[in-house]
Amino acid sequence: MSIAKETVDYLRDHSLTITTAESCTAGNIVMLLSEVPGSGQLIESGYVVYSPQAKQRLLHVSPDTIETFNLTSVEVAREMAIGALRDSTANVAVATTGILGPDDVDGIAAGTVCFAWAFQLDGQHAVFTRQQWFPGSRVEVLQIASEFALQQLPHFHQRALRGERG
């Protein structure tokens, strides 16, 4: 069973609807989910936001956060996920921002991806973040990062259900 199918089943079993805020994964997370029959009922929206201006305008990422921590940071990923949740009817958001390569940028290694998983539970947000490094070409890192984002969703949802807030 594919990670996308497992994720769709998990979303369905837990009455979750997803939105994504994707920078480096360029909409691939939503695309993977959309390949699973019946997933359309569980996907609320997907943002693809590359530029700092788009992150600020569409997801309300603070310019101060970008300036202080850089675009490739868990802090920016966190604000992207919260912004996507606020602007949708979804109760889970996944966000990615990073550097696929082939070159390092601003001292950050190619293959570095920052993730955030945000959950709307009882009127409160639970947000979890991770920074990971993946080896490979641009295309390989994009695919691995997209699958990682989906693979980790149930883990962080279970932590949110236990009352953890990130």
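**Brief notes about the pairing of strand β5 (residues 124-133)**
Then, number 1: Sheet analysis places strand β4 (residues 112-121) next to β5, joined by 10 bridges and oriented antiparallel. By the bridge assignment, Cys114 is partnered in β5 with Gln131.

**Some thoughts on helix α5 (residues 74-86)**
Then, number 1: Its 13 residues give α5 an end-to-end C-alpha distance of 18 Å, which sits within 8% of 18 Å, the value for a rise of 1.5 Å per residue.
Then, number 2: Among the residues making up α5, those that are buried are Val76, Ala77, Met80, Ala81, Ile82, Gly83, Ala84 and Leu85.

**Some remarks on helix α6 (residues 138-161)**
Then, number 1: Its 24 residues give α6 an end-to-end C-alpha distance of 35 Å, which sits within 8% of 34 Å, the value for a rise of 1.5 Å per residue.
Then, number 2: Along its length, α6 reaches its greatest deviation from straightness, about 35 degrees, at Leu153, and the proline Pro154 lies no more than four positions downstream.
Then, number 3: Taken from the residues just after α6, Gly163 is the one with a positive phi, measuring 100 degrees.

**Quick word on the nonpolar core**
Then, number 1: If you look at the biggest cluster of nonpolar residues, it comprises 32 residues, and the most contacted ones within it are Phe115, Trp117, Phe119 and Leu153.
Then, number 2: Those elements that place two or more of their residues in this core are α1 (3-13), α2 (28-34), β3 (92-99), β4, β5 and α6.
Then, number 3: Not counting residues within four places of it along the chain, the set of residues in contact with Trp117 comprises Ala93, Val94, Ala126, Val127, Phe128, Thr129, Arg130, Phe148, Ala149, Gln152, Leu153 and Phe156.
Then, number 4: Counting 20 residues, the second largest nonpolar core, distinct from the first, contains Val76, Met80, Ala84 and Ala116.

Rules and cut-offs
- Residues numbered from 1 in each chain as written.
- Predicted model: local features only at pLDDT ≥ 70, side-chain atom pairs only at ≥ 80, totals over all residues.
- Heavy atoms only, no water.
- Pairing = 2+ DSSP bridges.
- Helix = DSSP H or I, 4+ residues; strand = E, 2+ residues; numbered from the N terminus.
- Expected span 1.5 Å × (residues − 1).
- Buried < 20%, exposed > 50% of the residue type's maximum accessible area, 1.4 Å probe, protein only.
- Bend = angle between axes of the 7 residues up to and from the residue.
- Core = buried A, V, L, I, M, F, W, Y, C linked by side-chain atoms within 4.5 Å.
- Contact = heavy atoms within 4.5 Å.

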